[in-house]
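What the coordinates show
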Number of protein chains: 2
Amino acid sequence: MKNDIVLTGDRPSGPLHLGHYVGSLKNRVHYQDIYKQYIIIADLQALTDNYEHPHKVHDNVFQVACDYLAVGIDPTKSTIFIQSQIPEIADLTIYYLNLVTVSRLRRNPTVKTEIDQKGYGDAIPAGFFMYPVSQAADITCVKATVVPVGEDQLPMIEQTNEIARSFNRIYKKQVFPDVRAIVPEVARLVGTDGKAKMSKSLGNAIYLSDSADVIAQKVKGMYTDPNHIKVSDPGNVEGNTVFTYLDIFDPHTDEVAELKRQYQAGGLGDMVLKKRLTEIIDSFIEPIRTRRQKFHNDKAYVMDILKKGTAATREVTAKTLAEVQDVMCLKY
Amino acid sequence: MKNDIVLTGDRPSGPLHLGHYVGSLKNRVHYQDIYKQYIIIADLQALTDNYEHPHKVHDNVFQVACDYLAVGIDPTKSTIFIQSQIPEIADLTIYYLNLVTVSRLRRNPTVKTEIDQKGYGDAIPAGFFMYPVSQAADITCVKATVVPVGEDQLPMIEQTNEIARSFNRIYKKQVFPDVRAIVPEVARLVGTDGKAKMSKSLGNAIYLSDSADVIAQKVKGMYTDPNHIKVSDPGNVEGNTVFTYLDIFDPHTDEVAELKRQYQAGGLGDMVLKKRLTEIIDSFIEPIRTRRQKFHNDKAYVMDILKKGTAATREVTAKTLAEVQDVMCLKY
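It should be emphasised that the depicted structure is a prediction, and the values quoted were computed from it without experimental measurement.

The rules we used
- Residues numbered from 1 in each chain as written.
- Chains lettered and ligands numbered in written order.
- Predicted model: local features only at pLDDT ≥ 70, side-chain atom pairs only at ≥ 80, totals over all residues.
- Helix = DSSP H or I, 4+ residues; strand = E, 2+ residues; numbered from the N terminus.
- Rg over C-alpha atoms; globule rule 2.2 N^0.38 Å.
- Buried ≥ 20, exposed ≤ 12 C-beta atoms within 10 Å, placed from the backbone.
- Contact = placed C-beta atoms within 7 Å.
- Nonpolar A, V, L, I, M, F, W, Y, C, P; charged D, E, K, R; others polar.
- Domains from an automatic or database assignment.
- pLDDT = per-residue confidence, 0-100.
- Axes fitted to C-alpha atoms, helices over the stretch in contact; angles between N-to-C directions.
- Parallel < 35°, antiparallel > 145°, perpendicular 65-115°, else oblique.
- Least-squares fit on C-alpha atoms with pLDDT ≥ 70 in both.
- Core = buried A, V, L, I, M, F, W, Y, C linked by C-beta atoms within 7 Å.
- Left-handed = near helix turned anticlockwise from the far one by under 90°.
- Pairing = 2+ DSSP bridges.
- Right-handed = clockwise from strand over helix to strand, strands pointing away.

What to know about the overall build of chain A
The secondary structure content of chain A amounts to 14 helices and five strands. Computed over the C-alpha atoms, the radius of gyration of chain A is 22 Å, within 12% of the 20 Å expected from 2.2 N^0.38 for a compact globule of 332 residues. If you line up chain A on its principal axes, its C-alpha atoms span 80 × 45 × 40 Å. Burial status across chain A gives 45% buried among its 332 residues. Pairs at least 24 residues apart make up 79% of the contacts formed inside chain A by residues separated by at least 6 positions.

Here it is, written out as C-alpha cells:
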C-alpha cells in the first residue's frame, strides 16, 4: 500500500554484487514507486564485526551509494541515509536494551548461526551480540511497516515486533506500528562456485562494478557439471550454476530451454554456454557499470545525496525520538 | 590535582540519605574546590531496572538535584547534568559495545552480585547486563580522570580503563586518559537496622529530607545491642549502630568516649543514647532539610540549574564525540 513505509539497506562491508541485485536492489527500484522507502547504509552495524577496520567501512559507504544510484535507486523517490549519522538510533537502541533479555538475544537463530560462522567462540563482541536490538532501532526510528528480508532474517523482524509491542504496552501508547516482512521470490543467488550464497567473504561474487574481462574470467571458472568432461557427454542442468544464471539473466527463455535440451542430450560444451552467459551478464552489467563509474567520479555529488537523505531521515527520527522520550518521561 | 576531572553521580531511584552523604556527597562538596567536577544524574541507568516506572525515575531526578543543592554542591563549582539529555553517551556506548565481549560482561563481579540480588535468574535485561559499558561512556564522555567509588565498584573502573585502552589502541590515538578510582575512607554507612549498607530498598535509611519526627522514630527503632536488656546491664559498643552513628556525626568525641565507657560498664540506657543521637542527627539534617525545602519549592530554579549544567556538559561531550568519530572514520 502507498501508506506503507519500507526500511531496507545494506552493511557497507564491500561493493554490491549480482546477489544483491537479484535479492534486493531490483526490488527496491520497484518499491520506490509504490512505497515510501528508506534505505539505510548501516555503517555502525558493519563496524560490529569490522571495528578494527574503520577505513574500510567508511570507504564502502561511498561504494554502496554508487551501486545504489547505478542500479536505478532514485534519490528523489528513495531516502538513502547513513546509520551513524542518525544519533536517534543509538538512543533508541539504549532504551530497547531494557526490553530484551540476554537469554532472548542468545536464542536468536540468525545471530546464533552468524556467531558459529564467524567462529567467535566465547569471545562474542557485545555489539555484535545485540545487533538485533540495533536493527529494531533502525526499523522503528522511521516507523517502518514493511521490511524486505531473506528467509534467514525473519527472526530479526520477529525481534523488532517483540520490542515494539513491549514498548507500546509498557509505556501505554501505540507509538510503533507492527512490522511486516516481505520475503522476495528470488531472495538468493548462488555463487559462481555453485555454493548456496553469493558472498564477498566466500570469494564467489560478480560485482556490479566488475569489468568485462573480470566477468569473463569469473564465468569461465564457474561451477557446472563436474561429470560433464567431453563435449559429447550428456550433462546435468540441475545445480549447474551456468544454467541457474541463464534462467535468471537470459531474456530468451526459449533459447535457454533448447540449450538445456542439447546439454542434457550431449554435444553442447561448457565453453559455448559460458561464452553466452558472459555476454549476457556483461550486457546486463555494462550500463550499470557505466553509470556507476560516472557517480564514482563525482564523489561530492554522491555524498551530497547521502547528506540530504540523512537530513531528511533525521527530521522523521527526531520526531520519533521526541515521542518516545515523551512517553518514557525523559523530557525535563 | 587541579587538572583532574572528576565524574561522580547517582541513579535517581529515590531521594538521597545519610549513607549517600557520608559516602559521597560530603566528599563532592570538598572535591568541587580542588577538581573540575561533573555530577551525573544517571536516569537512563536507573531505568535499566526501573524501565516500567519512568514517572518515578523522572521525579527523582528533581529530588536528587534538591538533595545536591541542599548539602552544598554549588552549581557554580560543580557541573550537574542529566544522563539522558547527553545523546553522545548513547553513541559512545554503542561504539564501546564492540570492544567488550559478552563473556567479559558476564564476569563483571559487581554486575554478577547485583544480578543475584535482583533475582533476575535467566531473565537479565540486556540494558542492565551492559550498564558497565554505559558507565564507561559516562566517564569517558567528559574524559574524567578520577572517579570516587566504593570498593564494590572498583571492577567498573577496571572495565572503563579496559575499554578506553582498547579504543586508544585500535583507533591509534590517545583519545582517552586512564581513570583513577578514589575509594573514600568512609565509603559506607550501616543502615538503622545495623545491616551492612544503608539503602532505600532495605528500608533502613534516614533521608536528608526526613522531618524531625521521622528521624526520632527511625533512631528509636535503631539496632543497638540485643543483649542489653536492662539499663544496668553492660552493653556492647562494637556493632552497635547508635555508637557507629555517634562516631560519625557527634562532634564531641570526648563525650562519646565517656558514653561508650559507661555503656560498656552498665548503667547507661539505650533511650538516653538515642535521644542524644536524635538531636545530633536532627541538628545535622535540619539546615539541609530547610535549604532542601526552599529548593523543592522552586522547581523552575532547580531544573534550570540542571538545564545549564547539561548544556555545559554537552559542549564537552560534543567535542569528545567529534574526536571519537574522527578516529573511527565516522565523518562523512
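Examining the interface of chain B and chain A
Each side of the interface is counted separately: chain B has 41 residues, and chain A has 41 residues. For the side of chain B that touches chain A, the leading source of residues is helix 4 (residues 87-97) of chain B, giving six residues. Of the residues in the side of chain B that touches chain A, the class split is 28 nonpolar, 10 polar and three charged.

Observations regarding the domain arrangement of chain A
Residues and elements named next belong to chain A. When the domains of chain A are assigned, the result is domain 1 (5-189 + 299-327) and domain 2 (210-293). Each of domain 1 and domain 2 was reduced to a C-alpha centroid, and the two centroids are 34 Å apart. Of the residues lining the interface, six residues belong to domain 1; the matching set on domain 2 comes to four residues. Residue contributions to the side of domain 1 that touches domain 2 peak at four residues, all from helix 3 (residues 54-71).

A few points about the environment of Thr 8 of chain B
Residue and element names in this part refer to chain B. By the element assignment, Thr 8 lies in strand 1 (residues 5-10). A count of 22 C-beta atoms within 10 Å places Thr 8 in the buried class. Each C-alpha atom, one on Thr 8 and one on Asp 233, is 45 Å from the other, the two residues being 225 residues apart in sequence. Ignoring any residue separated from it by four or fewer positions in sequence, one finds Thr 8 in contact with Ser 24, Arg 28, Gln 37, Ile 39, Val 147 and Pro 148.

Let's talk about helix 11 (residues 241-249) of chain B
Those residues of helix 11 of chain B lying buried are Thr 241, Val 242, Phe 243, Tyr 245 and Leu 246 of chain B. Looking at the packing, one finds that the buried side of helix 11 of chain B touches helix 12 (253-265) and helix 13 (270-296) of chain B.

Describing the confidence of the model for chain A
Detailed conclusions should not be drawn from predicted coordinates in areas where pLDDT is low. When pLDDT is averaged along chain A, the result is 95; 99% of the residues meet or exceed 70. Two summary scores accompany this predicted model of the complex, namely pTM at 0.94 and ipTM at 0.93.

Considering the packing of helix 8 (residues 131-141) of chain A against helix 9 (residues 154-170) of chain A
Residue and element names in this part refer to chain A. For the pair helix 8 and helix 9, the least separation of the axes is 9 Å and the interaxial angle reads 70°. Here helix 9 runs roughly perpendicular to helix 8, going by the angle between their axes. The residues of helix 9 that touch helix 8, namely those facing Pro 132, Val 133, Gln 135, Ala 136, Ile 139 and Thr 140, are Met 156, Gln 159, Thr 160, Ile 163 and Ala 164. Residues belonging to the contact of helix 8 with helix 9 are distributed by class as follows: seven nonpolar, four polar and no charged.

Brief notes about the relation of the copies chain B and chain A
Between chain B and chain A, the superposition needs a rotation of 180° and an axial shift of 0.0 Å, giving an RMSD of 0.1 Å. Such a turn and shift between the copies fits a two-fold axis. Across chain B, the smallest distance between a C-alpha and the rotation axis is recorded for Ala 90 of chain B, namely 2.7 Å. Same-surface contact between copies: 100% of interface residues of chain B are shared with the interface of chain A.

Structural notes on the nonpolar core
Within the largest apolar cluster, 186 residues are counted, with the highest numbers of intra-cluster contacts made by Ala 65 and Tyr 96 of chain A together with Ala 65 and Tyr 96 of chain B. In this view, Tyr 96 of chain A contacts Val 133, Ala 136, Ala 137 and Ile 163 of chain A; residues no more than four positions away in its chain are not counted.

Observations concerning the packing of helix 10 (residues 212-220) of chain B against helix 13 of chain B
Residues and elements named next belong to chain B. At a minimum axis separation of 9 Å, helix 10 and helix 13 run at an interaxial angle of 140°. The interaxial crossing formed by helix 10 with helix 13 has right-handed handedness. Facing helix 10, whose interface residues are Ala 212, Ile 215, Ala 216, Val 219 and Lys 220, helix 13 presents Lys 274, Leu 277, Thr 278, Ile 281, Asp 282 and Ile 285.

Some points on unusual backbone geometry
Located in the positive-phi region is Cys 329 of chain A, a residue other than glycine, with phi close to 60°. Among the secondary structure elements, Cys 329 of chain A is positioned in the segment after helix 14 (299-327). Overall, Cys 329 of chain A belongs to the partly exposed group, with 19 C-beta atoms counted inside 10 Å. Despite not being glycine, Lys 172 of chain B shows a phi value in the positive range, around 55°. The topology assignment puts Lys 172 of chain B in the loop between helix 9 (154-170) and strand 5 (180-182). When the 8 C-beta atoms within 10 Å are taken as the criterion, Lys 172 of chain B is described as exposed.

Some details on the environment of Asp 225 of chain A
Residue and element names in this part refer to chain A. Mapped onto the elements of the fold, Asp 225 is located in the loop between helix 10 (212-220) and helix 11 (241-249). A sequence separation of 167 residues divides Asp 225 from His 58, and the C-alpha atoms of the two residues are 40 Å apart. Look past the residues within four positions of Asp 225 in its chain and what remains in contact with it is Gly 235, Asn 236 and Asn 240.

With respect to the environment of Lys 331 of chain B
All names here are of chain B. Examined against the element boundaries, Lys 331 turns out to sit in the segment after helix 14 (299-327). Taking the number of C-beta atoms within 10 Å as the measure of exposure, Lys 331 has 11 and is therefore exposed. A sequence separation of 219 residues divides Lys 331 from Lys 112, and the C-alpha atoms of the two residues are 37 Å apart. Excluding residues within four positions of it along the chain, Lys 331 makes contact with Gln 325 and Asp 326.

Considering the pairing of strand 3 (residues 78-82) of chain A
Residues and elements named next belong to chain A. Within strand 3, five of the five residues are buried, which leaves it mostly tucked inside the rest of the structure. Of the strand pairs in this sheet, strand 2 (residues 36-41) and strand 3 are connected by five bridges, and their pairing is parallel. Among the inter-strand pairings, Tyr 38 is bridged to a residue of strand 3, identified as Thr 79.

Considering the pairing of strand 2 (residues 36-41) of chain B
Residues and elements named next belong to chain B. In terms of residue burial, strand 2 counts as a mostly covered element, since six of its six residues are buried. Here six bridges tie strand 1 to strand 2, and the two strands are oriented parallel to one another. Across the sheet, residue Val 6 finds its bridge partner in strand 2, namely Gln 37. Regarding the hand of the β-α-β motif, the stretch spanning strand 1, helix 1 (residues 18-34) and strand 2 is right-handed.

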